[in-house]
Every structure is written in C-alpha cells, then in structure tokens.
Amino acid sequence: MNTQINNLKEKIQSARTQLLAHKVYTQINDLSGLQKFSQFHVFAVWDFMSLLKSLQIGLTSVSIPWMPVGDANTRFLINEIVLGEESDVDENDERISHFELYIKAMRQMGASTSLIDALLDDIKSGKAIIPAINDSTLPSGVKQFLAFTFDIAQNAPLHVKAAVFTFGREDLIPDMFTKILNDIYAAYPEKVSIFKYYIERHIEVDGGHHSHLALAMVSELCGNDESKWEAAASASLQSLQVRHLLWDAILHN
C-alpha cells in the first residue's frame, strides 16, 4: 500500500508545490492582510467538516437501528478524526470545533465574518447548499472551491472522498506563512493570539496524527484496486486545483 500512496503523491506533487509557492502568502504581511485572508479561508475550514462528515456517514453507522458497517479499523480511524476536528480544545482548554475556533480567532483580530455568516444563514433558512453558494456574493473562485467540495461530499464514492480529504485538503501551510504569522503576532499579540494557536493546533493535529490515520483510511478503501487509486489521484489533483482558485480569489479581492 505504501507504494500506491507514494505513486499518488507523485502525481499531485507539482500542483501541491505550486500551491505552497502561491503569491497569496506574500500578501499576508500585516494584520490587515491576515484579516482579508481569513474572510475567505474560513470557507475551507467550514466545508472541510462536511467532507469529513460525509466520510463518517459512509464509513460508520449513523442510523437507527444501529448496525455495524464496514471495517472496524476504518470506523475507528474516521471516528477519531471526527472527535479531534469537531471537539478539540481552544487556547483555554475548553472544547470547541476547529471551525468555531477559527471564527473566534477572526473576531479577536477584527476580521469580518459577514460572508460566512450570510451563507450559513441562508442554509439555516432552508436553502439548499448549491443554490446558496450560487446566489451568494462570494468571488467565483470561492464558489468553485465550495461547489467542488460539496459535489465530492454528496456524490463521490467513499475512496474518492477519502483521497480528497487526505491529499486535497492536507496541510498547505508553508514555513513562510508561519514566519509571517509570528511577525504579525509579535506586533499584535492581543489581536492574533487565537489565530496563532489555531494554526499551531492545526499543524500539530491535522498535519501529524490525523494525517497518518487518513493515509491508512485511503489505503484501506482503495485496497488493491488500481481503478480506485486512479480515481483517488484524479480527484485529489482536482481538489488542489480548486484550492488554487480559492487562493487566486483571495489574492485578487
């Protein structure tokens, strides 16, 4: 399985390298740049949970009466990831989801949450997700990014969902961004402390233990089926390409 994982990584390496070198990171050089970045990046934090939940729905039993579903090892993997993402701890050691922590960080730094609030309000009022995205005032690149995520979450087979989750949404925070954030924090500690904690926690949890669990999940779901590995690689590459569109939208808005 390690050979298949390595082959997949090689197929998407160029796109991943381009993302890590995207000009959007150089734009975040002060508090105002970070505020702008967070207003759009928050959508990637939010829709990530729907992709994760779609995996949980497919890989575990969430209906009544309960019945065992699939492989117990895979159930354990996805449930552990959900536990960490949906109920981690904030800077005060209080339980919180990563999305809620991100919103908390935005409010501390003075970034507007109006765009994400408007989309969530539309969905809460009963509007379906795709019409809500299409009718929003979001830039085209953000809309395309979200539309891809929800198409995968709602329609893709489990091995494709798992691959997009693992390779298309893996940690994309270059060292340069971390250094810039540390500089902003040094200038505005009272404004950026929660966001700094979020990034550090994200790298520690998502880029460490969870990444190993996710790799095991993809290997389990693709098995020895070459067609599944090819579909997984193709969808992962598309995920990185739409992330590039999201970064472009941040850069030009």
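Scroll up to find the structure this text is about.
To keep things clear, this report deals only with the structure shown in the data block. (Residues numbered from 1 in each chain as written. Predicted model: local features only at pLDDT ≥ 70, side-chain atom pairs only at ≥ 80, totals over all residues. Heavy atoms only, no water.)

**Describing the overall build of the chain**
Stated formally: Only DSSP runs of H or I covering at least 4 residues are called helices, and only runs of E covering at least 2 are called strands; the numbering of each starts at the N terminus. As a reference, a globule follows 2.2 Å times the number of residues to the power 0.38, and the radius of gyration itself is taken over C-alpha atoms. For each residue, the accessible area found with a 1.4 Å probe, counting protein chains only, is set against the maximum for its type, and the residue is called buried under 20%, exposed over 50%, and partly exposed in between. Note on contacts: a residue pair qualifies if any of its non-hydrogen atoms lie within 4.5 Å across the two residues. Values of accessible area rely on a 1.4 Å probe in the Shrake-Rupley scheme; residue burial ignores everything except the protein chains shown. When charges are tallied, Lys and Arg are placed among the positive residues and Asp and Glu among the negative ones, while His and the ends of the chain are skipped. All charge positions are set by atom: Lys at NZ, Arg at CZ, Asp at CG, Glu at CD.
Of regular secondary structure, the chain possesses 12 helices and two strands. In the chain, the order of α-helices and β-strands from amino to carboxyl end is α-α-α-α-β-β-α-α-α-α-α-α-α-α. The C-alpha atoms of the chain give a radius of gyration of 18 Å, which matches the 18 Å a tight globule of 253 residues would have. Over its C-alpha atoms, taken along the principal directions, the chain stretches across nearly 50 × 40 × 40 Å. In the chain, buried positions account for 51% of the 253 residues. Taking all contacts inside the chain whose residues are at least 6 apart in sequence as the whole, residues at least 24 apart take part in 74%. Carbon and sulfur atoms form 52% of the exposed surface of the chain, whose accessible area is close to 11,700 Å². Charged side chains in the chain number 21 positive and 31 negative. The centres of these two groups are separated by 3 Å.

**Section: the nonpolar core**
Quick reminder of the rule: We define a nonpolar core as any set of buried Ala, Val, Leu, Ile, Met, Phe, Trp, Tyr and Cys residues linked to one another through side-chain atoms lying within 4.5 Å.
By size, the foremost hydrophobic cluster in this structure holds 84 residues, and its most contacted members are Leu-34, Trp-46, Leu-146, Phe-165, Phe-177, Phe-195 and Met-217. At 15 residues, the largest contribution of residues to this core is made by helix H3 (residues 31–59). Sequence-distant contacts of Met-217, defined by excluding residues within four places in its chain, comprise Leu-55, Leu-59, Thr-74, Leu-77, Ile-78, Ala-162, Phe-165 and Thr-166.

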